[in-house]
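For reference, the chains in residue letters:
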Amino acid sequence: MIKKHWKRIGLLILIVACIFNVMGKLIHKLSLNKEMLYSAQYMYEEQQNQQNQK
């Protein structure tokens, strides 16, 4: 039976793996607002470090 349906079984495994991958990324994704705040904070800290080094 497996010889006959190996392509379908492989495709099903691939689809399930892709779904888990996408769901994991969606669950752990930062909101755009938080991402922008973290980027602004990083840029501010870098600017402060450069001013302190001069």
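Rules used in this analysis
Residues numbered from 1 in each chain as written. Predicted model: local features only at pLDDT ≥ 70, side-chain atom pairs only at ≥ 80, totals over all residues. Heavy atoms only, no water. Helix = DSSP H or I, 4+ residues; strand = E, 2+ residues; numbered from the N terminus. Rg over C-alpha atoms; globule rule 2.2 N^0.38 Å. Buried < 20%, exposed > 50% of the residue type's maximum accessible area, 1.4 Å probe, protein only. Areas by Shrake-Rupley, 256 points an atom, 1.4 Å probe, with all protein chains shown as cover. Expected span 1.5 Å × (residues − 1). Bend = angle between axes of the 7 residues up to and from the residue.

Draft legend 1. Up close: the overall build of the protein chain. Within the protein chain, the secondary structure is distributed over two helices and zero strands. By the compact-globule yardstick of 10 Å for 54 residues, the protein chain is too spread out, its C-alpha radius of gyration being 23 Å. Across the 54 residues of the protein chain, 0% fall into the buried class. Working note: accessible area of the protein chain is about 5800 Å², and carbon and sulfur atoms make up 65% of it.

Draft legend 2. Region of the structure containing helix H1 (residues 2-27). For H1, built from 26 residues, the straight-helix expectation of 38 Å at 1.5 Å per residue is met to within 8% by its first-to-last C-alpha distance of 35 Å. The largest bend in H1 comes to about 35°, at Arg-8.

Draft legend 3. Structural detail: helix H2 (residues 32-53). Helix length check: H2, at 22 residues, gives a terminal C-alpha distance of 32 Å against a target of 32 Å (1.5 Å per residue), a fit within 8%. The element H2 is barely covered by neighbouring structure, given that only zero of its 22 residues are classed as buried.

Draft legend 4. Structural detail: the environment of Trp-6. Among the secondary structure elements, Trp-6 is positioned in helix H1. Once the C-alpha coordinates of Trp-6 and Met-43 are considered, the two residues, 37 residues apart in sequence, prove to be 52 Å apart.

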